[in-house]
Amino acid sequence: MTKVAVVGSINMDLVALVPRFPAPGETLIGSRFETFPGGKGANQAVAAARLGAEVAMVGCVGGDGFGRELLSGLAAEGVDTSAIHVSGEASTGVASILVSGGENTIVVVPGANHCLTPSMVEASEQLIASADVVLTQLEIPLETVEATARLASRHRVPLILNPAPAVRLSRALLDQVACLTPNEHELATVLGAPSLPFPDMLALLPGKVVMTKGEHGAYHVDGSGQFWHQPGFAVSAVDTTGAGDTFNAALAAAWQGGLRQAMRFAAAAAALSVTRLGAQGGMPSAAAVESFLQ
Ligand code: ADP
């Protein structure tokens, strides 16, 4: 079993279906309301656990009902929640989502996710040191991601950084990352190179980047400059929410078998995830991915 430590965000998604988007000052009656567990960190932790990894998560929720519900949901998925802090001040992170027609508007309030400090991660040094892979994203403070990278590097544990939402990253941080997993737009932002074609961007960080590109799959340039394309698997897509999270989790879960094999496993897991509704709803088991690949 691959041991994966996830350092990242935990949110509750609050989704309301509305006939149209309200104007400022207007009250509208919606037709339906649902809550879904979310946050890239928690999504990736759940996906990795379903794919058979032994997962522990470092994160922060508020001392409120959403926080308690999210913690018990993670535990029910088999994620070790003992390193998830409960903030005395901030509320649990939420994403308030209005859906109308095929479009949505989203307000994210990071809340407790922004209270995840470097010292909280340093307090989990043992958890990181004993992991086979560390997985993180950018929905927590950048200094906390940097602290995670320093710890992973100190203990020679490979770090997969999913740079979403993207910001420009320092060379020092990129040097400590084993694998960066942006989509094309995120890669341009991370590098500050918006006008380069993606093969040229990949060649700027040889051996480091696995770039995802929706139904086309994923691309990599290895340490000797060789270009590698893992095609996407043809499926009939129902909902692509969470495809990136499933891809990252699967890459971490399969990391020890080598990068090309991990990319193939990740593309298959992510393809299966888009055939079902919801981010966490579509995340497959290891057995489902293996039978899909046969
Ligand atoms: P993000 O949502 O982070 O931008 P992508 O859209 O690039 O991520 O999707 C991540 C991965 O999910 C892709 O590399 C691919 O393997 C898989 N994927 C996404 N959309 C589809 C699709 N329509 N059909 C098959 N695989 C898909």
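What this report covers is the structure whose coordinates are included nearby.

Quick notes on the rules
Residues numbered from 1 in each chain as written. Predicted model: local features only at pLDDT ≥ 70, side-chain atom pairs only at ≥ 80, totals over all residues. Heavy atoms only, no water. Axes fitted to C-alpha atoms, helices over the stretch in contact; angles between N-to-C directions. Helix = DSSP H or I, 4+ residues; strand = E, 2+ residues; numbered from the N terminus. Parallel < 35°, antiparallel > 145°, perpendicular 65-115°, else oblique. Contact = heavy atoms within 4.5 Å. Nonpolar A, V, L, I, M, F, W, Y, C, P; charged D, E, K, R; others polar. Near = heavy atom within 4 Å. Polar contact = N/O pair within 3.5 Å; in protein donor to acceptor, adjacent residues only side chain to side chain. 1 Å grid on protein atoms, 1.4 Å probe; cavity = no way out; pocket = protein on both sides within 12 Å on 5 of 7 lines; lining within 4 Å. Sits in = over half its atoms within 2 Å of the grid points. Points joined across faces, edges and corners; volume = space filled by probe spheres on them. Core = buried A, V, L, I, M, F, W, Y, C linked by side-chain atoms within 4.5 Å. Buried < 20%, exposed > 50% of the residue type's maximum accessible area, 1.4 Å probe, protein only.

1. Observations concerning the packing of helix 10 (residues 259–273) against helix 11 (residues 286–293)
Between helix 10 and helix 11, the least distance of the axes is 9 Å, while the angle of their chain directions is 105 degrees. Looking at the two axes, helix 10 sits roughly perpendicular to helix 11. Together, Arg264, Phe265, Ala268, Ala269 and Leu272 of helix 10 and Ala288, Val289, Glu290, Phe292 and Leu293 of helix 11 make up the contact between the two elements. Each residue belonging to the contact of helix 10 with helix 11 can be placed in one class, and the counts come to eight nonpolar, no polar and two charged.

2. What about the site of the ligand?
Inspection of the region around the ligand gives 15 residues, with Asn183, Thr212, Gly214, Gly217 and Ala270 positioned closest. In the environment of the ligand, an oxygen atom lies 2.9 Å from a nitrogen or oxygen atom belonging to the backbone of Gly217. Mapping the ligand onto the cavity grids shows that it belongs to the second largest pocket. Broken down by secondary-structure element, the contributors of at least two residues to the shell around the ligand are helix 9 (243–253) and helix 10. A breakdown of the residues in the shell around the ligand according to their chemical character gives eight nonpolar, five polar and two charged.

3. Topic: the layout of surface pockets
In this structure, the largest pocket spans a volume of roughly 1100 Å³. Surrounding the largest pocket, 37 residues form its lining, Asp13, Val15, Ile97, Thr241 and Ala279 being those nearest its centre. For the lining of the largest pocket, the secondary-structure elements that each account for two or more residues are strand 2 (11–17), strand 3 (32–38), helix 1 (40–50), strand 6 (93–100) and strand 7 (103–109). Tallied by class, residues from the lining of the largest pocket come to 15 nonpolar, 14 polar and eight charged. Roughly 800 Å³ of internal volume is contained in the second largest pocket. Taken together, 31 residues line the second largest pocket, and the ones lying closest to its centre are Thr212, Gly214, Thr240, Ala243 and Gly244. Listing elements by their share of the lining of the second largest pocket, those giving two or more residues are helix 7 (184–191), helix 9 and helix 10. Here the lining of the second largest pocket takes five residues from helix 9, the largest share from any one element. In the lining of the second largest pocket, the residues fall into 13 nonpolar, twelve polar and six charged.

4. Let's talk about the nonpolar core
Here is a general trend for soluble globular proteins: nonpolar side chains tend to be buried in one another's company. Counting residues in hydrophobic clusters, the biggest one holds 47 residues, and the most contacted among them are Ile10, Val55, Met57, Leu74, Ile160, Phe247 and Leu251. Those elements that place two or more of their residues in this core are strand 1 (3–7), strand 2, helix 1, strand 4 (54–62), helix 2 (65–76), strand 8 (133–137), helix 9 and helix 10. Residue contributions to this core peak at nine residues, all from helix 10. In contact with Phe247, not counting residues within four places along its chain, are Val210, Thr212, Ala218, Met263, Ala266, Ala267 and Ala270. Counting residues in each nonpolar core, the second largest holds 40 residues, with Val7, Val58, Val121 and Leu180 among its members.

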